[in-house]
Each structure stands twice: as C-alpha cells, then as structure tokens.
Amino acid sequence: MNRSSSVVQHPPDGSERGTGADPDAKRRSVSGIGEDVGFVIKVLGLSLGGLVSIALLNLLVDPEGSYGTGWVRPLVWSARDEKRELLLGMAESPPTCLILGSSRTMKLEPDVIRTAVGGRVFNASIEEARAGDFLPTLDFVRRRLGAQIRWLIVGVDPTTFEQGKSDPFRVVSHTVNYHHAIMSLRSITYALTRYPESAIGFNKDGFLVYKKDDADLQAGVFDLEAKLRDSISWYVPRHGNDRGLSSQALDTFEVFVKEVRARGIELAVYEPPYHPRMIEALRSRSHYPELHEALTRELERLASLYDFRMFDFSEIEAFGGRPDWFYDAIHPRIENNRLILARLLPASPPHALQ
Amino acid sequence: MLFNSFVFIFVFLPPVLAIWWWPGLGRRTRLAVLTGASYVFYGYWDWRFTFLMLLSTLVDFGAGLAMERSRSQGMRRFFLVCSLAANLGLLGFFKYWGLLATSLNAVAAGLGFGASFPTIEVVLPVGISFYTFQTMSYSIDVYRRQVGATRDFLAFSAFVSMYPQLVAGPIVRYVELAEQIDRPRQRPEWEEIRRGVELFLIGLCKKVLLADAIGAQVDRVLETPDLLGLAGSWAAMVGFALQIYFDFSGYSDMAVGLGYLLGFRLPMNFNSPYKARNISEFWERWHISLSSWLRDYLYIPLGGSRKGHARTLRNLAITMFLGGLWHGANWTFVAWGLYHGVLLLGYHSWRRAHLPVPGPRTSMFLTFALVVVGWVFFRSDGFGMAGILLGRMFGLSGSALSPAGASPALLVLVGAGCAWCLIAPNSWDFRPPKSRLSMVALALMAILGTMRLEVLRPFLYFQF
C-alpha cells in the first residue's frame, strides 16, 4: 500500500475530473467532432450490418432445424422425429409398455423389460424431455396407434421440472450466435459435399445405440475420464442452476400421473443416476441438493397419493451400481441400467402380459 | 442484468441513453431516469434486493445529514457508528452469516459442545460488497469533513445505484462523482461517446472472447486437480490468473465505457497488473478502487506506516486479512489475503534491509509467479483442493514436468493471454486511430463479442 499514490486515477484524456464540463471541447474543431460522429456511426453500422448478415445466414440455413426453412438438411439429430417414425412403424402391433424420459433413460433396454412384464416395449425417451412431454407422448401412442398401455417407466430429474425462464431473445440469441454460424457453414459444406454418418442411432424398439462409444468400449479404448471432464462442467449448470422446481411443471406432472393411474396403467418413476464425480460437483457448485430434495419429496407425495412405485437411483449406491459403468457424467451404461431395472421391475408383475 | 447479455445491450441500454441524451430534459428528470433505470438493472436479478440498496442509501443519506447537523463530535461519531453498523450488519448477515455459523459449529464440535448455530441459507445479493463500501466511504468522508453532506436524495440515490459501477465496481467515492452528478451534462461529447464505445467493446471482448474461453478450459482441467502434472497445474493456474484478470478488468472497462456514454468519468480499476515488478506495485495496479479504499479507510486509520516497522507490518496484515475476507465468505479467501499480506511484509522488510533487487524482467516474472500461487487459494473450493494444487505445482507429487491435464487449447490460450498481458497496452492507454482499419477492427469486435453473448457466464466478481 503506497500512501503516495493518488487515490484515484482518471482517464488519460486530458480532461479535468468532476468539473461537469470538458475543457477539451472548446479546443476541438468542428471537423474533429464530425470525424468522431462518423466514426461511431460507421462502427455501429458495420457491426449491425455484420450481425444482420449472420442472423440471415443462420435463419436460412437453419442448421438446428429450429425454423423449418428446409433449405439445407439440419445437422442436429432429433430423437423426437425418429421416435415418432419408429412408433408409427409399430401401428400393426403397438407397444403395451413405454419408457419415458430424457437421453438419460434412452439406454434402458426394452428387451429386459419385456422379459419381466411381457408385451411389447418401446423406449420413447426423447432428448431434453420435460414434464410437459409425457402426456402428449402417451396420447400420441394411444390415439394414433390405438395402443393399450399397461406399463409406464418414467425417468425424471430436476431438469424435467426446470423453471424454463422465458427468453424473449431466444430467436436473436440463436441466430446471432457463433456456434450456429459455425454449424451453418458446416451445414453448407456437407450439403455441397457429403454428410457424415451419424454417431448415434435407435433400434426399432427405441433403444439408443452410441455407435462410436459402444465400438470404443468393445475395443477397450473408451476414455471415460476425458468424457467426465468434458461433461461435468457442461452439465453442472444445466442440472443445478435453478433455485427451485417449476410449480407449473410439477402441476403438469401431477396431471399426467393422475391420468395414467386413472387409466389403470402401472407406473414406476425413478431418478436416473449421476456419476459420483458429477454428484460431488453438483453438491459443491450448484443448487442441486435443494432441487433433488424437493423433487424426491414431491415424488414421494405423488407416489402415496396416486399409488405408484418411486425410486431414487440418483446415486449409484442406491442400486449397487459402478462408477465405471457410465458414458459420461450423467448417462449410465446398460450395466448400471440393468441393475436399476432389476430393482425397478416387480418380481411378479401384477399386469404381466403374455 | 449482465453487461454481456442481449437484454442489456439491445433492450436496456438504447432507451436509457436516448432519454439521458434527450435535449431539454431537466437535471432532476435525468437523475430520476438514471436512478430508476439503475434500480431496474439491479432488480432484474431479484427485485427484492432493491430494498436492501434503498435501505443502505437511506441510512447513509440520513447519517450524512445528521452528522453535518450535529454540533458535538460525540454525536457525529454516534451517527457514523450507526451508518457503519447498518452497512456492515447487512454485509455480515447476507455474506458472512453462513461462514460464521459453520465455523462456530465446527469449533464447538471440536471442543465437545453440542451447541448449534442456525446455518440458514442466505442468498447473497449481487454487488452488496461494492455498494455498501461505496456508501460507507461517503459517511466516513462526511465524518472527516472531507465532503459536505448532500441534501439532494435523488443525486445521492443516483450515486449509489448508478448502473455502470453498481454490481462490480469500480468502487466510486461520492467526492469523485459529486460535481458530475450535481451538474450532469446534457449529452457527452462525441469523442467521449466514441471512447465509451471503444472501452465497452474492448471490455466485452476481454470477457466473452478471452476470459470465458480460458475459463472453460481451466474449469475442465481443474475438475480433477489430482490428475495434474507439474506443468499442467501451472498452466491451469496461469490460465485462472488470466481468466480473472480479463474477466474483472473487462467488466471494469465496460463500466468505464458505459460511464463515458452517460458523460461520467469513473476511476481506473486496473493498470496492467501483471506488468508489476513487485507485490506492492501489483496492488497499486490490481482492483485499484478497492486497494485505495482499504488503504484510506483501514490501513491509514490503523496507523499506516507512521508508527514504526512492527506496526506497519501489523497494519498490513490486518488490512490484507480483511481484504481477503471482503472477497468471499470462505477461509480460502482469508488465506489468499493473508498470503498477500505476507508477501507485502516480505517485500517491505526486504526493501528496508536494502537487499539486492533482481532486474526488471526477473522481478516481473517473480511477481507474476507469486501472484499465480496466491490464486490457488482464490480458485480452490477448500484447503483440500488448494493443498493438492500446490503439491502439484511444486512437484511434491513426483509428477516432474508432466504436462498431464493441460490441454493443447489451454496451453495456446495461456501463451496468447500471457503475451497479451505483457505486450499489449492497457485499455486506458490504447487509443485506436480514426482509421478504416480501426473501424473494421472495432466492428469485428462488436460482431464477435455479440455472437458469444448466448453463453451467459456471469462475471467472477459478482460473487463477492
């Protein structure tokens, strides 16, 4: 601490501070002011022009398929479209059991469930599923396919009930966006050359196949450590940023549960597991502990009110899982999922279908 | 509301500036608009916190008037104590209650007592550390008769809440802004507007293009500090040193730029701190408004360097302890402050003993290395992580020169960031000429900065 240094330093522009008037202004020539005006206007004009051009490029190319321009094939994969097509392909023999949830439940094996409860099982999990997705999916299967659903397995976590703050700038932020601009350029390049093969796909029963990761696992070269590092910092804010669960989403979920139980459908709701390192990061850097507590409390309330089975498998200790049986911080591999299903499915199901 | 957000840049700022610049508007109307806009800016996070800011404003405005009207020194002191108690009480409750309660519980448990202090979850209002220090400085200055108490509540509210510097500084003193607020100009000169735009864009790019990019790599690497090698751990911590510098100085540049757009001159907060050649110089260049606040309202009142070497060292230690605590309710911040206190003690003792000083480049390098070591405490979640990182950085883990954990992207960013800090002029000294090249460069900065706005990473200093 140097006592001799001045208390505050001010911009080195020659003006006196705190006088309320800039003495330089008197000396400044009219042409100098004109230059400044022109400079500012041209900088702002160029910036605005550049941003509008980028927005137009992203809108027209639409690399995420958000605006439906359809000029260039979207680059992103959407489970929603693929699963709808797969379900429509089952119109002849519609499913009797559905798995609902996000990408975290996509590796729940329909085959294992079919063995336990019988019938036809479809994994209808979709990426970034929210509470409001469940009832429309169930209605689609029932009404379009005429399916008689007997069993439902639903995976939920705090993101299912996230507050979903309305973002009035979503269109702007999605179009004037570095990531989208790169995707647009890639999209154009692929359209002019050749599209690469997708790294993921679904079986006919909706079960997810990670083509590359599963091949790496088979070859013994899968690098879980790198995946964890990449995914933890990415997922922590998404799973623990909110300070509470959305009451609207909770109400929507209750409506769904009520409807399901009113139709006599057997229901099992569970919280899918996080990798222990993710749990540790969530606890130290997010509001996850409060969110998880609130979610578990709410699920327990609904379970006793509507008589369904509820399981908190958010930590692997709850079902005897292993930390190396993960694809990344939040996506369990089938080995962990089989342990989950062993606990989740009843030994002698009340509605087993032959 | 964040400066690096669409809502601030495209929705909040244009109408506020348009009204502020509107010809013919009276002083009081413009101050009311500025105050109202600043409350909207602050309330965008959580409207309930605006009442805290209003309370702090009312307390210090009232304390200032009461002190000025008091005839006895005792009464003046009484009103000053009321102001300090209210401000420190707010700060203590919202920022330090959790730390105090958990620490007392740990001590009680250690001594075998079952006493349990309630550890209620208190949400930290954004920027409370900044505006309480700002209002306290006003009361202290009035008490010291260095500034007259204002009778204009609107002007005082505008001073406390002024959105450019509200949530993360610079910590502006009333004496610095009093005349500017008393006589706000109708519209800044075009040269000032140009300067404001330049500084805002420089700050925006420092934040979203440099700090956030480096921060993403650093976060990734520090997920698993126990896997880092010697070189990797240094790369990570140098990366954090760059991240926090670009983040905070970027915010300050934006704040000063926004001040220019309103016609206000805010003080400099950073002066290329990593070019410092000793630790004392570092503190004259880093977060200048805080270090000068601590110097004038804490270090000097404690006796400064006037009462012998031993007292000087004690005063430095107390000042740096509280400076560390100001940064956050965690003992790691206290450790960071004390570490810098020890460095300052060492530096002053070294100078006093007239020991030889290395050349300028070596001094700069050593100072930077010492500062980087200090950032370990600042960045770590707890002493466990700090211990692991320090062990890795000083080769105690037997990892030799292993770059394990340091990604090529981090190494490139660290290299580029270091070069920037050592070579590039400070934002305040950087005056791009009015050429076409500057025009295109600034437009490009605006475009690239805006394209990275979507990833909303709050400024690091918002948590303090």
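Just so it is clear, the structure is predicted and the values come from calculations on it, not from any experiment.

Another aspect to go through is the overall build of chain B. Scanning chain B for helices and strands turns up 17 helices and zero strands. Taking 2.2 N^0.38 as the reference for a compact globule, 464 residues should give roughly 23 Å; the C-alpha atoms of chain B span a radius of gyration of 23 Å, in line with that estimate. Overall, the C-alpha framework of chain B stretches about 70 × 65 × 50 Å when taken along its three principal axes. Buried residues in chain B amount to 60% of all 464 residues. Residue pairs in contact within chain B that sit at least 24 positions apart in sequence constitute 78% of those at least 6 positions apart. Averaging the positions of the 40 positive and the 25 negative side-chain charges in chain B gives two centres separated by 7 Å.

To continue, consider the overall build of chain A. When you go through chain A residue by residue, the secondary structure sums to 13 helices and seven strands. Pairs at least 24 residues apart make up 77% of the contacts formed inside chain A by residues separated by at least 6 positions.

Moving on: the packing of helix α8 (residues 190-222) of chain B against helix α17 (residues 436-451) of chain B. All names here are of chain B. As a packed pair, α8 and α17 sit with axes 9 Å apart at the nearest point and diverge in direction by 45°. In terms of orientation, α8 and α17 fall into the oblique class. The handedness of the crossing between α8 and α17 comes out as left-handed. Every residue of α17 that contacts α8 at Glu198, Leu201, Ile202, Leu204, Cys205, Val208 and Leu209 is listed here: Leu442, Met445, Ala446, Leu448, Gly449 and Thr450.

Each pocket or cavity is described by its volume, and for the second largest pocket that value is around 590 Å³. Along the wall of the second largest pocket there are 22 residues; nearest its centre are Leu44(A), Ile9(B), Phe10(B), Leu13(B) and Val197(B). Secondary structure elements with two or more residues in the lining of the second largest pocket: α2 (30-61) of chain A together with α1 (6-21), α8 and α17 of chain B. Of the residues contributing to the lining of the second largest pocket, the split by class is 19 nonpolar, three polar and no charged.

It is worth spelling out the pattern of salt bridges at this point. All names here are of chain B. Taken as a whole and assessed by the stated rule, the structure comprises 41 salt bridges over all chains. In this structure, the salt-bridge partner of Arg27 is Asp152, at a minimum N-O distance of 2.8 Å. Here Asp152 lies in the loop between α5 (128-143) and α6 (153-161) and Arg27 lies in helix α2 (residues 27-43), a separation of 125 residues in the sequence.

Residue and element names in this part refer to chain A. With respect to topology, five strands assemble into an open sheet ordered β2-β1-β3-β6-β7, the strand pairing being parallel. The two strands at the open ends of the sheet, each matched to only one other strand, are β2 (121-123) and β7 (309-312). The average undirected angle you get between the axes of adjacent strands in this sheet is 15°. Contacting β3 (151-155), β6 (266-271) and β7, helix α13 (residues 334-344) crosses the sheet at an angle of about 145° to β7.

Bringing the confidence of the model for chain B into the picture now. When pLDDT is averaged along chain B, the result is 86; 94% of the residues meet or exceed 70. Looking across chain B, the model is least confident in helix α4 (residues 73-110) of chain B, with a mean pLDDT of 83, and most confident in helix α14 (residues 360-379) of chain B, with 94.

Axis angle and axis distance: for two packed helices, these are the angle between their axes and the distance between the axes, and together they describe the pair. All names here are of chain A. Two elements in contact, helix α5 (residues 131-145) and helix α10 (residues 247-262), have axes separated by 7 Å at closest approach and are oriented at 30°. As summarised for this structure, α5 and α10 are arranged roughly parallel, according to the angle between their axes. In contact with Ala131, Gly132, Phe134, Leu135, Leu138 and Arg142 of α5, α10 contributes Ala249, Thr252, Phe253, Val255, Phe256, Glu259 and Val260. Across the contact of α5 with α10, the residue classes break down as nine nonpolar, two polar and two charged.

What follows covers the nonpolar core. Phe8(B), Tyr163(B), Tyr274(B) and Trp375(B) are the most contacted members of the largest nonpolar core, which has 146 residues in total. Among the elements that make up this core, the one with the highest residue count is helix α9 (residues 230-262) of chain B (19 residues). Aside from chain neighbours lying at most four places away, what touches Tyr163(B) is Phe3(B), Phe8(B), Phe12(B), Leu13(B), Val16(B), Leu17(B), Leu34(B), Ser38(B), Phe41(B) and Leu262(B). Counting 40 residues, the second largest nonpolar core, distinct from the first, contains Val117(A), Val236(A), Ile279(A) and Leu341(A).

Residues and elements named next belong to chain A. Note that Ser246 resides in the loop between α9 (224-240) and α10. Among the polar contacts made by the side chain of Ser246, one reaches the main-chain amide nitrogen of Ala249 at a distance of 3.0 Å. In contact with Ser246, other than residues within four places in its own chain, are Phe161, Glu162 and Gln163.

According to the stated counting rule, one finds 60 aromatic pairs over all chains in the structure shown. Look at Phe6(B) and Phe10(B): their rings are 5.8 Å apart centre to centre, the planes differ by 20°, and that puts the pair in the stacked class. Of the two residues, Phe6(B) and Phe10(B) are both situated in helix α1; the distance of four residues between them amounts to about one turn of the helix. By relative accessible area, Phe6(B) is classed as buried at 7%. Centroid distance Trp336(B) to Trp375(B): 5.6 Å. Interplanar angle 20°. Geometry classified as stacked. A residue pair is termed long-range when its members are at least 10 positions apart, and Trp336(B) in helix α13 (residues 331-352) and Trp375(B) in helix α14 qualify at 39 residues. Residue Trp336(B) shares its accessibility class with Trp375(B), and that shared class is buried. When the ring centre of Phe39(A) is taken as origin, the NZ or CZ atom of Arg194(B), which lies over that ring, is 5.0 Å away.

Turning next to the domain arrangement of chain B. All names here are of chain B. Each domain of chain B was delimited in the assignment, giving domain 1 (24-186) and domain 2 (191-463). Contacts between domain 1 and domain 2 engage 33 residues on the former and 32 residues on the latter. Each partner contributes to the roughly 2900 Å² buried at the junction of domain 1 and domain 2, and carbon and sulfur atoms together form 65% of this total. At the junction of domain 1 and domain 2, the tally comes to one salt bridge. The partner of Arg173 in a salt bridge is Asp296, with the nearest N and O atoms 2.8 Å apart.

Since the α-helix packs 3.6 residues into each turn, any two residues three or four apart lie on the same face. Between its first and last C-alpha atoms α1(B) spans 22 Å; for 16 residues at 1.5 Å apiece the expected length is 22 Å, and the two agree. A bend of about 40° at Leu13(B) is the largest found in α1(B), and the proline Pro14(B) appears one to four places after it. Along its buried surface, α1(B) packs onto α6 (170-175) of chain A together with α2, α8, α9 and α17 of chain B.

Attention now moves to the domain arrangement of chain A. By domain assignment, chain A separates into domain 1 (29-76 + 167-196) and domain 2 (93-164 + 197-344). Using C-alpha coordinates to define each centre, domain 1 of chain A is positioned 36 Å away from domain 2 of chain A.

Right, let's get into the pairing of β6(A). Residues and elements named next belong to chain A. Among the six residues of β6, six are classified as buried, and the element is accordingly described as predominantly covered. Residues of β6 alternate between two faces, with Glu266, Ala268 and Tyr270 on one and Leu267, Val269 and Glu271 on the opposite face, all of them buried. Across five bridges, β3 lies against β6 in parallel orientation. The partner of Gly155 across the bridge, within β6, is Tyr270. Inspection of the sheet shows β6 paired to β7 by four bridges, in the parallel sense. If you follow Tyr270 over to β7, its bridge partner there is Phe311.

The next subject is the side chain of Ser427(B). All names here are of chain B. When you line up the elements, Ser427 lands in the loop between α16 (408-423) and α17. For Ser427, a relative accessible area of 5% translates into the label buried. What Ser427 contacts, discounting residues up to four positions off in sequence, is Arg195, Leu199, Ile202, Lys206 and Asp253.

What counts, and at which threshold
- Residues numbered from 1 in each chain as written.
- Chains lettered and ligands numbered in written order.
- Predicted model: local features only at pLDDT ≥ 70, side-chain atom pairs only at ≥ 80, totals over all residues.
- Heavy atoms only, no water.
- Helix = DSSP H or I, 4+ residues; strand = E, 2+ residues; numbered from the N terminus.
- Rg over C-alpha atoms; globule rule 2.2 N^0.38 Å.
- Buried < 20%, exposed > 50% of the residue type's maximum accessible area, 1.4 Å probe, protein only.
- Contact = heavy atoms within 4.5 Å.
- Lys, Arg positive; Asp, Glu negative; His and termini not counted.
- Charge placed at Lys NZ, Arg CZ, Asp CG, Glu CD.
- Axes fitted to C-alpha atoms, helices over the stretch in contact; angles between N-to-C directions.
- Parallel < 35°, antiparallel > 145°, perpendicular 65-115°, else oblique.
- Left-handed = near helix turned anticlockwise from the far one by under 90°.
- 1 Å grid on protein atoms, 1.4 Å probe; cavity = no way out; pocket = protein on both sides within 12 Å on 5 of 7 lines; lining within 4 Å.
- Points joined across faces, edges and corners; volume = space filled by probe spheres on them.
- Nonpolar A, V, L, I, M, F, W, Y, C, P; charged D, E, K, R; others polar.
- Salt bridge = Lys/Arg side-chain N within 4 Å of Asp/Glu carboxyl O.
- Pairing = 2+ DSSP bridges.
- pLDDT = per-residue confidence, 0-100.
- Core = buried A, V, L, I, M, F, W, Y, C linked by side-chain atoms within 4.5 Å.
- Polar contact = N/O pair within 3.5 Å; in protein donor to acceptor, adjacent residues only side chain to side chain.
- Phe/Tyr/Trp six-rings, centres within 6.5 Å; stacked < 30°, edge-to-face > 60°.
- Lys NZ or Arg CZ within 6 Å of the ring centre and 35° of its normal.
- Domains from an automatic or database assignment.
- Buried area = accessible area lost by both parts, 1.4 Å probe.
- Expected span 1.5 Å × (residues − 1).
- Bend = angle between axes of the 7 residues up to and from the residue.

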